[in-house]
Amino acid sequence: MKILLAYDSLSGNTKMVADEVEAELKKAQHDVTSFRVHPDAQYPLETDYDLFILGAWTADLGRTPPDMKDFIAELGTKPPHVAIFGTGETQWSMAYFCGAVDRMAKYFDSQYPTLKIEQMPHTERDHTAIQDWVAQILSMREGVVK
Ligand SMILES: Cc1cc2nc3c(=O)[nH]c(=O)nc-3n(C[C@H](O)[C@H](O)[C@H](O)COP(=O)(O)O)c2cc1C
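This is a predicted model, so every value here is computed, not measured. (Residues numbered from 1 in each chain as written. Predicted model: local features only at pLDDT ≥ 70, side-chain atom pairs only at ≥ 80, totals over all residues.)

Enquirer: Can you break down the nonpolar core residue by residue, with the values?
Expert: Inside soluble globular proteins, nonpolar side chains tend to come together where they are buried. Counting residues in each nonpolar core, the largest one holds 35 residues, and the members touching the most others are L5, V21, I53, L54, I84 and M104. Of all the elements in the fold, those that place two or more residues in this core are β1 (2-8), α1 (13-27), β3 (51-57), α2 (66-75), β4 (82-88), α3 (99-107), β5 (115-118) and α4 (124-144). Top element by residues in this core is β3. It accounts for six residues. Each residue touching I53, except ones within four places of it in the same chain, is listed here: I3, L5, V21 and A83. (Core = buried A, V, L, I, M, F, W, Y, C linked by C-beta atoms within 7 Å. Buried ≥ 20, exposed ≤ 12 C-beta atoms within 10 Å, placed from the backbone. Helix = DSSP H or I, 4+ residues; strand = E, 2+ residues; numbered from the N terminus. Contact = placed C-beta atoms within 7 Å.)

Enquirer: Could you give an account of the sheet that holds strand β2 (residues 31-36), with specific residues and numbers?
Expert: Spatial strand order, β2-β1-β3-β4-β5: five strands in an open sheet with parallel pairing. Every other strand in the sheet has two partners, leaving β2 and β5 as the edge strands with one partner each. Taking each pair of neighbouring strands and ignoring which way they run, the sheet shows an average axis angle of 15 degrees. Two strands pair when backbone bridges link them, and β4 and β5 are joined in this way by four bridges, in the parallel orientation. Across the sheet, G88 pairs through a bridge with E118, a residue of β5. (Pairing = 2+ DSSP bridges. Axes fitted to C-alpha atoms, helices over the stretch in contact; angles between N-to-C directions.)

Enquirer: Hey, could you go over the UniProt feature "domain: Flavodoxin-like" (unreviewed entry) in the protein chain for me, with residue numbers and the actual values?
Expert: Mapped onto the present numbering, the UniProt feature "domain: Flavodoxin-like" (unreviewed entry) falls at residues 3-138. Each end of residues 3-138 is marked by a C-alpha atom, and these two atoms are 10 Å apart; helix forms 36% of the span and strand 22%. (UniProt positions renumbered as here; feature names shortened; annotations may be inferred.)

Enquirer: So what's going on with the site of the ligand? Which residues, and what values?
Expert: Taken together, 22 residues are adjacent to the ligand, and L10, N13, T14, W57 and G88 come closest. Those elements giving two or more residues to the shell around the ligand turn out to be α1 and β4. When residues in the shell around the ligand are grouped by element, the largest group, three residues, is from α1. Of the residues in the shell around the ligand, the class split is eight nonpolar, eleven polar and three charged. (Near = placed C-beta within 6 Å. Nonpolar A, V, L, I, M, F, W, Y, C, P; charged D, E, K, R; others polar.)

Enquirer: An account of α1 is needed here, citing residue identities and associated values.
Expert: Its 15 residues give α1 an end-to-end C-alpha distance of 22 Å, which sits within 8% of 21 Å, the value for a rise of 1.5 Å per residue. Turning to α1, its buried residues number three or more, namely N13, T14, V17, A18, E20, V21, E24 and L25. Seen along its axis, α1 keeps its buried residues to an arc of 160 degrees; they face one direction. Looking one or two residues beyond α1, the residue adopting positive phi is Q29, at roughly 70 degrees. (Expected span 1.5 Å × (residues − 1). Arc of directions from axis to C-beta.)

Enquirer: So what's going on with the pairing of β1? Residues and values would help.
Expert: Looking down a regular strand, the side chains alternate between one sheet face and the other. Of all seven residues that make up β1, six are buried, and the element is covered over most of its length. Direction of pairing for β1 relative to β2: parallel, over a ladder of six bridges. Looking across to β2, one finds that K2 is bridged to D31. Pairing of β1 with β3, which is carried by six bridges, proceeds in the parallel orientation. Paired with Y7 across the bridge in β3 is G55.

Enquirer: Give me the lowdown on α2, citing residues and values where you can.
Expert: Along an α-helix, residues three or four positions apart point the same way, because every turn accommodates 3.6 residues. Among all positions in α2, only D67, M68 and F71 are buried. The arc that holds every buried residue of α2, seen down its axis, measures 100 degrees, which confines them to one face. Turned more than 90 degrees off the buried face of α2, the exposed positions are P66 and A73. Where α2 is buried, its residues touch β1 and β3.

Below, the structure written as structure tokens:
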């Protein structure tokens with residue numbers, strides 16, 4: 001499948017997750033276009049991607065960070081297959097933990113499970129969660145269109 005993986009990462013935590021997600025996708029032989037969103041970027045959005053994977057850190061009180069919001073605006077029409085992941089910190093309270101993930105999943109009306117990582121992937125449990133999540137979203141997408 002052709003997969004677009006776009007992520008917003010201020011201090012590198014979400015990039016670490018994105019890198020692991022990308023490695024899993026490539027291990028499964030998928031064609032991945034991956035980038036960190038940036039206000040000055042020209043995004044490669046001409047391709048018909050089979051699956052969009054968007055990742056973001058969470059900004060103030062559960063909000064989606066501005067660069068990811070801008071990228072989403074550039075997407076224009078909402079793609080039908082969007083899976084969302086992100087990093088956050090529970091110290092901001094469970095109500096706001098990874099709030100951007102919830103907001104984006106709601107915006108895209110995503111049917112895929114979300115992945116939320118506390119700060120950065122640093123435990124075996126985190127790495128397994130990432131691998132399992134990628135396997136799950138791929139099998140869901142592949143189940144829709146062979
Ligand atoms: C100004 C600011 C506000 C934040 N607000 C939240 C929040 O509401 N909920 C949350 O889960 N994390 C919040 N965080 C924590 C970051 O989302 C978290 O550290 C994330 O892993 C950073 O990812 P990055 O290294 O990819 O930028 C906030 C961080 C900053 C700097």
